[in-house]
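Observations on the three-dimensional arrangement
Residues per chain, in single letters:
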Amino acid sequence: MRTADLFRLAAANLRENPLRTALCSLSVAVGTGALLLIASLGLFGQTQVQAALRTIGVSGLTVYLDGHGAGNPLSAELADTLEQAVAGIDSVMPIKAKTGSVRAGHVTENAVFLGADERLGEVMQLEVLAGSLLTERQADTAQPVAVVGDELAQALYGRTNITGRTIRLRIDGKDQYFKVCGVVRAQTSALGSALSSFAPHLVYVPYSCLASMQENADQVFVQCTAQADLSAVSGQIERYLTGRGQVDGTVRVQNMSGMVDTVGQLADLCVALFIAVGAITLCVALIGVLCSMLAAAHEKTGEIGILLAIGAQPRDIRRLFLLQSALLCALGGLAGLLLAGGMLYWGAAILPDWRVPAALLALSVLCGTAAGLLPAVRAARLDPIDAMRK
């Protein structure tokens, strides 16, 4: 039989029982649409998590003291010696944090002030939008300059590029005037509402503006070389700081790169689980298609016998039922994708890549063909005489 004849017969068979065809198509539409919704939302969430991790910009190792006593502190001076003493370290930067407020005109915003130096761009992946980060001269001479996030710039002046503008920082109850030297992509926005209740903004200032080189540093950011083993470097840092009695307290070293990778892996796992749930929904719909095709094969037993008696080959019968099942799933899959795509566009303004719905449509047709395989084989094996008697 010609392919065009098979298409006409398959379409005619679907039109003979419109209610069953509509119900089967609806089940496939629900399964395919649910899979598109789940996959799109999961991939969008994964993209947002990855973007948030990149925005935070923290990688490498962080070193801090737990239970620090009256002995030697983990100071910026000690951090400089650490860089020279431990192999595998590319750059080290001490961090001193204080909370306060930022004011410009009549606008006041809460903030966390982070003391840093010229190595800020080496240990943190910050996206500079205007101006520049702290220079070595500014850090060494404790110049009153600051690097702010774009959200803080918008809140204070209503625009992103505010380099050269003066802001008033309230640190330890004292007001100090700083000039903005650079604007970066805001980091705390990636953390959601966790920090927004008390410190929605981060402001970087020279370390010596917040503490002396001998005072205790809250943390030390360590950026390792590309070939370095972070676990081995962590062990060397702990041994150097504790074995020689350099500091008083328990040295803690956290692998921030490992934590970022773990979060990314969890996001990937969540996407996989979501897609698995959607796939189960589609499988349930395909079971309905299988039952429908078995019923259709039983109802068409006499017609199948006539077709075989007038010269149709068993392969033609198999192709007919496979084509009918594929058309049924194609109609349902297309309807489900259009409905789910409309919901994503108008409800969440999320448009997945065109390859995702195309792949899902192909998957629904392929699975529909697989669901029609058993009825097709059973129909092709019928004896023409017995089939016509029935």
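Since we're looking at a predicted model, the values are computed, not measured.

A closer look at the environment of isoleucine 167
With respect to the secondary-structure elements, isoleucine 167 resides in strand 6 (residues 166-171). Along the primary structure isoleucine 167 and tyrosine 177 are separated by ten residues, whereas in three dimensions their C-alpha atoms are 5.8 Å apart. In this view, isoleucine 167 contacts Val102, Arg103, Ala104, Ala146, Val148, Leu156, Tyr157, Gln176, Tyr177, Phe178 and Val180; residues no more than four positions away in its chain are not counted.

Quick word on the pattern of salt bridges
All told, the structure shown has eight salt bridges when counted by the stated rule. Linking arginine 185 and aspartate 150 is a salt bridge whose minimum nitrogen-to-oxygen distance equals 3.6 Å. Of the two residues, arginine 185 sits in the loop between strand 7 (174-184) and strand 8 (202-206) while aspartate 150 sits in helix 6 (residues 150-157), which places them 35 residues apart along the sequence. Overall, arginine 185 belongs to the partly exposed group, its relative accessible area being 36%. We classify aspartate 150 as buried; its relative accessible area is 13%. Each of Asp80, Glu83, Asp117 and Arg119 takes part in one network of salt bridges that share partners.

So, unusual backbone geometry
The backbone phi angle of alanine 142 is positive, close to 55°, even though this residue is not glycine. By secondary structure assignment, the location of alanine 142 is in the loop between helix 5 (136-140) and strand 5 (145-149). Relative accessible area serves as the criterion here: at 29%, alanine 142 is assigned to the partly exposed category. The phi dihedral of aspartate 172 is positive, around 55°, even though this residue is not glycine. Relative to the helices and strands, aspartate 172 resides in the loop between strand 6 and strand 7. Aspartate 172 gets classed as exposed once you look at its relative accessible area, which sits at 55%.

Side note on the nonpolar core
Core analysis: the largest hydrophobic core is formed by 24 residues, its most contacted members being Leu36, Val289, Ile304, Ile317 and Phe321. For this core, the secondary structure elements donating two or more residues are helix 2 (18-56), helix 8 (256-299), helix 9 (301-309), helix 10 (314-348), helix 11 (355-371) and helix 12 (373-380). For this core, the element with the most residues is helix 10, which contributes seven residues.

Examining helix 12
Those residues of helix 12 not exposed but buried are Pro375, Ala376, Ala379 and Ala380. Projection of helix 12 onto a plane perpendicular to its axis shows the buried side chains occupying an angular sector of 130°, all on one side.

Focus: the side chain of serine 101
Here serine 101 lies in strand 2 (residues 89-104). Ignoring any residue separated from it by four or fewer positions in sequence, one finds serine 101 in contact with Thr108, Glu109, Asn110, Ala111, Phe113, Arg168, Leu169 and Arg170.

Let's talk about the environment of leucine 23
As for its position among the elements, leucine 23 is in helix 2. A relative accessible area of 52% places leucine 23 in the exposed class. Spatially, the C-alpha atom of leucine 23 lies 9.0 Å from that of glycine 288, the residues being 265 residues apart in sequence.

A short note on helix 3 (residues 76-85)
Of the residues making up helix 3, those classed as buried are Ala76, Leu78, Ala79 and Leu82. Seen along its axis, helix 3 keeps its buried residues to an arc of 150°; they face one direction.

Notes on the packing of aromatic side chains
In total, this model carries one aromatic pair according to the counting rule given. An angle of 80° between the planes, with centres 4.7 Å apart, marks the rings of tyrosine 345 and tryptophan 346 as edge-to-face. According to the relative accessible area criterion, tyrosine 345 is partly exposed, its value standing at 41%.

Conventions adopted
Numbering of residues starts from 1 in each chain and follows the order in which that chain's sequence is written. It should be noted that, the model being predicted, local features are given only for residues of pLDDT at least 70 and side-chain atom pairs only at 80 or more, the latter also being counted only at that level, while totals for whole chains, interfaces and linings use all residues. With hydrogens and water excluded, all non-hydrogen atoms of the structure serve as input to the side-chain values. Numbering of helices and strands runs from the N terminus; a helix is a DSSP stretch of H or I covering at least four residues, while a strand is a stretch of E covering at least two. Only heavy atoms matter for contacts: two residues are in contact if any of them lie within 4.5 Å across the pair. The salt bridge definition used is simple: a Lys or Arg side-chain nitrogen within 4 Å of an Asp or Glu carboxyl oxygen. A simple rule labels every residue: compare its accessible area, found with a 1.4 Å probe on the protein chains alone, to the largest value its type can have, and call it buried under 20%, exposed over 50%, or partly exposed in between. In this text, buried Ala, Val, Leu, Ile, Met, Phe, Trp, Tyr and Cys residues form a nonpolar core when linked through side-chain atoms within 4.5 Å. The directions from the helix axis to the C-beta atoms form the arc being described. Within 6.5 Å between ring centres, the rings of Phe, Tyr and Trp (the latter by its six-membered ring) count as paired, and their orientation is classed by plane angle as stacked under 30 degrees, edge-to-face over 60, tilted in between.

Remember, this is a structural readout, not a statement about activity or role.
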